[in-house]
Amino acid sequence: MSEPVTNIMDLRALARRRVPRAFFEYADRGSYDESTLHENRAALARLRLRQRVMIDVDNRSLATEIVGQPVSMPLAIAPTGLTGLQHGSGEIHGARAAARAGIPFCLSTMSICSIEQVRAATDTPFWFQVYVMRDRGFTRELISRAREAGCSALMLTADLTVQGQRHREIKNGLAVPPKITLRNLFDIASKPRWAWNVLRAPSRSFGNLEGRIGGADSLTTLAQWIANQFDPTLSWQDLAWIRELWPGKLIVKGIMDAEDARLAAEHGVDAIVVSNHGGRQLDGAPATIDVLPQIVDAVGGRIEVLFDSGITSGQDLLKALALGARAGLIGKAFLYGLGAMGEAGVTQAIEIIRRELSVTMALTGQRDARCISPDILLR
Ligand SMILES: Cc1cc2nc3c(=O)[nH]c(=O)nc-3n(C[C@H](O)[C@H](O)[C@H](O)COP(=O)(O)O)c2cc1C
Ligand SMILES: CCCCCCC(=O)C(=O)O
């Protein structure tokens, strides 16, 4: 009999067994030498918490607001591409689990389920993440579809105008539908639960890009096609154009530098995400937790600072809150839950982090997630 799942790494181990290797590694791995991927977690682990005692911590509150939206805890689901390949209809399961948990779900431009499919399957407004494409008409169309669907925030990803190379994606020869090699056949045949969920899902195409990818039948080809679509000319000047298209809450994701954070605040965004894309883009970039304090300092409370890259526990999340983040986002932790057990696994991932955050707040003498200060950390 297998042991019960008690933490995010247990979900990772289950997902690794249940999701075909190419897709699991797409989610799990990073770019080039993966030094940033590993440093994200190592830097969080290095931070020590101050144990405090004899403080009444009976009634703790995890509730807060993210870009003006009430949430049950300071956590959101980060946008992840190809989520429906971890588990059929993965984006819908993610959105539903997040809604039930009272936290935001952000749908990626590169999803398998489209904006409209997620909208039709859920009642709670979700966020939409946009990549600016060379085809600005298509970018405009995506934003207008997100408005039409009632999305409650737009997240503009700024750190992937040129794609970082992930060696595992090339070595695994990712394919959609999976490339028929003996190794892939054996891999998929040994994962019938995955195959059943993905094959019976209503959306097996490329969600929001449907009809735009002429002739590409393998992810390697798709990746090349997609790589050419991202607009490397994207600059701060484009924010005015995006603002015209999107009057609602606007979040810029991928900020790693105090000067960029200042520029974001000056250009009228509502929030930024301190992120190195989970170690999937600039290998050699510092851990996000190491740059968080200087970025919080640079924006000086003018806009909200969100945080991601490396969160796998409530302790990690609490450390980010202590260093000034309003909330954290999870990418891989969400995908591990999804790959392990579908919607129930996403719920489990969120609830593991919620419990860990709550207990760690108690043991550091904290009652309110909105009032966590650097005092809880040992310098
Ligand atoms: C498999 C995968 C796909 C991703 N796809 C996107 C995407 O389409 N758009 C985006 O802005 N970020 C994307 N990201 C980055 C996440 O939004 C987030 O920044 C990152 O996962 C946070 O780090 P973590 O995985 O350590 O939690 C992706 C991350 C993963 C793991
Ligand atoms: C093969 C499509 C990948 C699109 C990029 C999605 C993404 O941001 C990622 O990190 O992966």
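Residues numbered from 1 in each chain as written. Chains lettered and ligands numbered in written order. Predicted model: local features only at pLDDT ≥ 70, side-chain atom pairs only at ≥ 80, totals over all residues. Heavy atoms only, no water.

Q: How should I be thinking about the sheet that holds strand β10 (residues 304-307) in this particular structure?
A: Pairing between the strands of a sheet comes from backbone hydrogen bonds, and it takes one of two forms, parallel or antiparallel. Reading across from one edge, β4-β11-β10-β9-β8-β7-β6-β5 is the order of the eight strands in this open sheet, with parallel pairing throughout. A single partner strand is all that each edge strand has here, and the edge strands are β4 (75-77) and β5 (106-107). Taken together, the four bridges between strand β7 (residues 153-157) and strand β8 (residues 250-255) define a ladder with parallel strand orientation. Looking at the pairing, threonine 157 lines up with lysine 253 of β8. Along the sheet, helix α6 (residues 136-148) makes contact with β6 (127-130) and β7, crossing β6 at roughly 175°. (Pairing = 2+ DSSP bridges. Helix = DSSP H or I, 4+ residues; strand = E, 2+ residues; numbered from the N terminus. Contact = heavy atoms within 4.5 Å. Axes fitted to C-alpha atoms, helices over the stretch in contact; angles between N-to-C directions.)

Q: Is there a simple way to think about the packing of helix α3 (residues 35-46) against helix α13 (residues 288-299) in this case?
A: A pair of packed helices is characterised by two quantities: the angle between their axes and the separation of those axes. Interhelical geometry of α3 versus α13 gives an angle of 70° and a closest axis separation of 8 Å. It follows from the interaxial angle that α3 and α13 lie roughly perpendicular. Along its contact with α3, which presents Glu39, Asn40, Ala43, Leu44 and Arg46, the element α13 presents Thr288, Ile289 and Asp290. In the contact of α3 with α13, the residues fall into three nonpolar, two polar and three charged. (Parallel < 35°, antiparallel > 145°, perpendicular 65-115°, else oblique. Nonpolar A, V, L, I, M, F, W, Y, C, P; charged D, E, K, R; others polar.)

Q: Explanation requested: the site of ligand 2 in the structure shown.
A: Residues in close proximity to ligand 2 total ten residues, the closest being Tyr26, Tyr131, Arg166, His277 and Arg280. Taking arginine 166, its side chain carries an N or O atom lying 2.8 Å from an oxygen atom of ligand 2. One of the side-chain nitrogen or oxygen atoms of histidine 277 is found 2.9 Å away from an oxygen atom of ligand 2. In isolation ligand 2 exposes 340 Å². Once the protein is present, 95% of that is buried. Residue composition of the shell around ligand 2, grouped by class: six nonpolar, two polar and two charged. (Near = heavy atom within 4 Å. Polar contact = N/O pair within 3.5 Å; in protein donor to acceptor, adjacent residues only side chain to side chain. Areas by Shrake-Rupley, 256 points an atom, 1.4 Å probe, with all protein chains shown as cover.)

Q: Hey, could you run me through the environment of threonine 6 in this one?
A: Summarising the element assignment, threonine 6 is placed in the segment before α1 (8-18). You can call threonine 6 exposed: its relative accessible area is 54%. Separated by 207 residues in the primary sequence, threonine 6 and isoleucine 213 place their C-alpha atoms 41 Å from one another. (Buried < 20%, exposed > 50% of the residue type's maximum accessible area, 1.4 Å probe, protein only.)

Q: Honestly, the state of the cysteines in this entry has me stumped. Any pointers?
A: Structurally, a disulfide amounts to a covalent bond that connects the sulfur atoms of two cysteines. A complete count under the given rule lists zero disulfides for this structure. Of the cysteine sulfurs around cysteine 113, a residue in no disulfide, the closest is that of cysteine 151, at 14 Å. Look at cysteine 113 and you get buried, because its relative accessible area is 1%. (Disulfide = S-S within 2.5 Å.)

Q: I would appreciate a short explanation of unusual backbone geometry in the present structure.
A: Most peptide bonds adopt trans geometry, and most residues besides glycine take a negative phi value. Backbone geometry at leucine 82 places phi at a positive 55°, although glycine is not the residue there. With phi around 55°, serine 89 is a residue other than glycine that occupies positive phi space. Mapped onto the fold, serine 89 is located in the loop between β4 and α4 (90-101). Under the relative-accessibility criterion, serine 89 is labelled buried at 12%.

Q: In this structure, what is going on with helix α12 (residues 258-266)? I would like to understand it.
A: Working note: α-helix, 3.6 residues per turn, so residues spaced by three or four point in the same direction. When we look at burial in α12, the residues that qualify are Ala258, Ala261, Ala264 and Ala265. Down the axis of α12, the sector holding all buried residues measures 115°, keeping them to one side. Check the buried side of α12 and you find it contacts β8, β9 (271-274) and α13. Where α12 starts, the residue carrying a side-chain oxygen 2.9 Å from the main-chain nitrogen of glutamate 259 turns out to be aspartate 257. Within two residues after α12, glycine 268 carries a phi angle of roughly 75°, on the positive side. (Arc of directions from axis to C-beta.)

Q: Even after reading the chapter, I still don't get the site of ligand 1, so can you show me in this structure?
A: For ligand 1, the set of nearby residues contains 22 residues, the closest of which are Pro79, Ser108, Thr157, Asp308 and Gly310. Serine 108 places a side-chain nitrogen or oxygen 2.6 Å from an oxygen atom of ligand 1. Within the side chain of glutamine 129, one N or O atom sits 3.2 Å away from a nitrogen atom of ligand 1. Protein contact buries 98% of the 600 Å² of open area that ligand 1 shows by itself. Those elements that provide at least two residues to the shell around ligand 1 are α2 (21-28) and α15 (332-363). In terms of residue class, the shell around ligand 1 is made up of seven nonpolar, eleven polar and four charged.

Q: Hey, could you run me through the pairing of β9 in this one?
A: Along any regular strand the residues' side chains alternate between the sheet's two faces. Here β9 shows no split at all, with Ala271 and Val273 on one side and Ile272 and Val274 on the other all buried. Bridging between β8 and β9 involves four bridges; their strand directions are parallel. Paired with lysine 253 across the strands is valine 273, a residue of β9. What joins β8 to β9 is α12, and the crossover it makes is right-handed. In this fold, β9 hands off to α13, which returns the chain to β10; that crossover is right-handed. (Right-handed = clockwise from strand over helix to strand, strands pointing away.)

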